[in-house]
Amino acid sequence: MKKYRLVFCIFFGLCFSIPAWANSFKLIQSYPVHHPIFIQGLQLDGSNRLVYSAGLYGRSEIGYLNLATGETYGVKKLAPSVFAEGLTVTDDGIWQITWREQMALLRDAKTLAIKKTAHYLGEGWGLAYDKRQKVLWLSDGSSKLQKLDAKNFNKISEISVQNNGKPVEYINELEYANGFLYANIWQSNKIIKINPNTGKVLNTYDFSPLVSTLNLTDPDSVLNGIAHIGGQSFYITGKNFGVVWQVLFTQ
């Protein structure tokens, strides 16, 4: 969203200004979700199914969301001692990461059964896959993004995400699309577009107008979940939002 300032003058000559916002996305459609999902990761798989990862200890799971019915299906629960975070679909299956357990689970793309595990250092927040380079991108809530080998989670390099020269903290859910990384910023209504080669933020999308319509009261119910559909079209949602939005990024 870009901020402009409009100036108004009333009839007796007094002028004042108010902020106005030019949206950099368009809402295409809203899909109700019929029970709360603490969304940590969201992506379309190779069969055009919307797969999600949900968090919290004792409630973590992975499954599919049917947007036509608003219901989940094919759900697999995680152990109560595990807090699930982001996921991404790769050529070898679906990787699902965990918050503080430093464990990644590679799941079968059809059954969601666990095929193998891998480990990494630090926390896991968001995960994305660059199919062209065969690499993963991992966020840990800081301004750093780790570039990992998609086969074994070995670290290749890292970048620092900056906006106008300042580090961007609390990077959360990730999605790789059209050669760029898209990221939720925790505890905000914003998604940023990142150049993965430089770490520079190229655009910011503010979804406050949509989120405000939900009248949320839980401070943990924040924007989280980005799934690329194609072109500039994405599914967007949040933790316990009860809705998935299809949006078109116009910038």
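Presented here is a report on the structure given in the accompanying data block. In this text the structure is predicted, and so the values were computed from the model without any measurement.

Topic: the overall build of the chain
Phase 1 of the analysis: A tally of regular secondary structure across the chain gives one helix and 24 strands.
Phase 2 of the analysis: In terms of overall dimensions, the chain is globule-like: its C-alpha atoms have a radius of gyration of 19 Å, near the 18 Å expected for 251 residues.
Phase 3 of the analysis: Referenced to the eigenvectors of the C-alpha coordinate spread, the extents of the chain come out at roughly 75 × 40 × 30 Å.
Phase 4 of the analysis: A total of 251 residues make up the chain; the buried ones form 50% of that total.
Phase 5 of the analysis: Accessible surface, the chain: about 11700 Å² in total, of which carbon and sulfur atoms supply 54%.

Here's the deal with empty space enclosed by the protein
Phase 1 of the analysis: Within the structure shown, the criterion is met by one cavity of 30 Å³ or more.
Phase 2 of the analysis: Each pocket or cavity is described by its volume, and for the largest cavity that value is around 60 Å³.
Phase 3 of the analysis: Around the largest cavity sit 13 residues that line it, and Val-33, Ile-37, Ile-39, Thr-237 and Gly-242 are the ones nearest its centre.
Phase 4 of the analysis: Only β23 (233-238) and β24 (243-249) provide two or more residues apiece to the lining of the largest cavity.

As for the sheet that holds strand β19 (residues 180-185)
Phase 1 of the analysis: Strand order across the open sheet formed by four strands is β18-β19-β20-β21, with antiparallel pairing between neighbours. Edge positions in the sheet fall to β18 (171-177) and β21 (201-206), since each has one partner strand and no second. For this sheet, the mean inter-axis angle between neighbouring strands, taken without regard to orientation, is 25°.

As for the pairing of strand β22 (residues 223-230)
Phase 1 of the analysis: The element β22 is extensively covered by neighbouring structure, given that six of its eight residues are classed as buried.
Phase 2 of the analysis: Where β22 and β23 come together, five bridges link them in antiparallel fashion. Looking at β23, one finds that His-228 is bridged to Phe-234.
Phase 3 of the analysis: Joining the antiparallel neighbours β22 and β23 is a turn of two residues, in which Gly-231 adopts a positive phi near 60°.

So, the layout of surface pockets
Phase 1 of the analysis: Estimated volume of the largest pocket: approximately 320 Å³.
Phase 2 of the analysis: Along its surface, the largest pocket is lined by 20 residues, and Gln-43, Leu-44, Val-89, Tyr-129 and Tyr-176 are the ones closest to its centre.
Phase 3 of the analysis: In terms of residue class, the lining of the largest pocket is made up of seven nonpolar, eight polar and five charged.
Phase 4 of the analysis: The space that makes up the second largest pocket amounts to roughly 220 Å³.
Phase 5 of the analysis: Along the wall of the second largest pocket there are 13 residues; nearest its centre are Phe-83, Glu-85, Trp-99, Trp-186 and Lys-239.
Phase 6 of the analysis: Per-class residue counts for the lining of the second largest pocket are six nonpolar, two polar and five charged.

What to know about the sheet that holds strand β15 (residues 155-160)
Phase 1 of the analysis: Spatially, the four strands line up as an open sheet ordered β12-β13-β14-β15, and their pairing is antiparallel. With partners counted over all chains shown, the strands left at the sheet margins are β12 (127-130) and β15, one partner each. Neighbouring strand axes in the sheet, compared pairwise and without regard to direction, differ in orientation by 25° on average.
Phase 2 of the analysis: Across five bridges, the pairing between strand β13 (residues 135-139) and strand β14 (residues 144-149) is antiparallel. Within β14, the residue paired with Leu-138 across the bridge is Gln-146.

Focus on the pairing of strand β4 (residues 39-44)
Phase 1 of the analysis: In terms of residue burial, β4 counts as a mostly covered element, since six of its six residues are buried.
Phase 2 of the analysis: Relative to strand β5 (residues 50-54), β4 runs antiparallel, the two sharing five bridges. Note on β5: the bridge partner recorded for Ile-39 is Ala-54.
Phase 3 of the analysis: Here β4 folds back onto β5, and the loop between the two strands holds five residues, one of which, Asn-48, carries a positive phi near 65°.

Observations concerning the packing of aromatic side chains
Phase 1 of the analysis: Throughout the structure, instances matching the rule amount to 16 aromatic pairs.
Phase 2 of the analysis: Geometrically, the ring pair formed by Trp-125 and Trp-186 is edge-to-face, given 5.8 Å between the ring centres and 85° between the ring planes. Residue Trp-125 is located in the loop between β11 (114-119) and β12, and its partner Trp-186 is located in the loop between β19 and β20 (190-194); the two are separated by 61 residues in the primary sequence.
Phase 3 of the analysis: Overall, Trp-186 belongs to the partly exposed group, its relative accessible area being 31%.
Phase 4 of the analysis: Site record: aromatic cluster; members linked through ring pairs are Phe-25, Tyr-182, Tyr-205, Phe-207, Phe-234 and Phe-249.
Phase 5 of the analysis: Residue placement shows Arg-100 over the ring face of Trp-99; its charged tip is 3.9 Å from the ring centre.

Reading the values: the criteria
Residues numbered from 1 in each chain as written. Predicted model: local features only at pLDDT ≥ 70, side-chain atom pairs only at ≥ 80, totals over all residues. Heavy atoms only, no water. Helix = DSSP H or I, 4+ residues; strand = E, 2+ residues; numbered from the N terminus. Rg over C-alpha atoms; globule rule 2.2 N^0.38 Å. Buried < 20%, exposed > 50% of the residue type's maximum accessible area, 1.4 Å probe, protein only. Areas by Shrake-Rupley, 256 points an atom, 1.4 Å probe, with all protein chains shown as cover. 1 Å grid on protein atoms, 1.4 Å probe; cavity = no way out; pocket = protein on both sides within 12 Å on 5 of 7 lines; lining within 4 Å. Points joined across faces, edges and corners; volume = space filled by probe spheres on them. Pairing = 2+ DSSP bridges. Axes fitted to C-alpha atoms, helices over the stretch in contact; angles between N-to-C directions. Nonpolar A, V, L, I, M, F, W, Y, C, P; charged D, E, K, R; others polar. Phe/Tyr/Trp six-rings, centres within 6.5 Å; stacked < 30°, edge-to-face > 60°. Lys NZ or Arg CZ within 6 Å of the ring centre and 35° of its normal.

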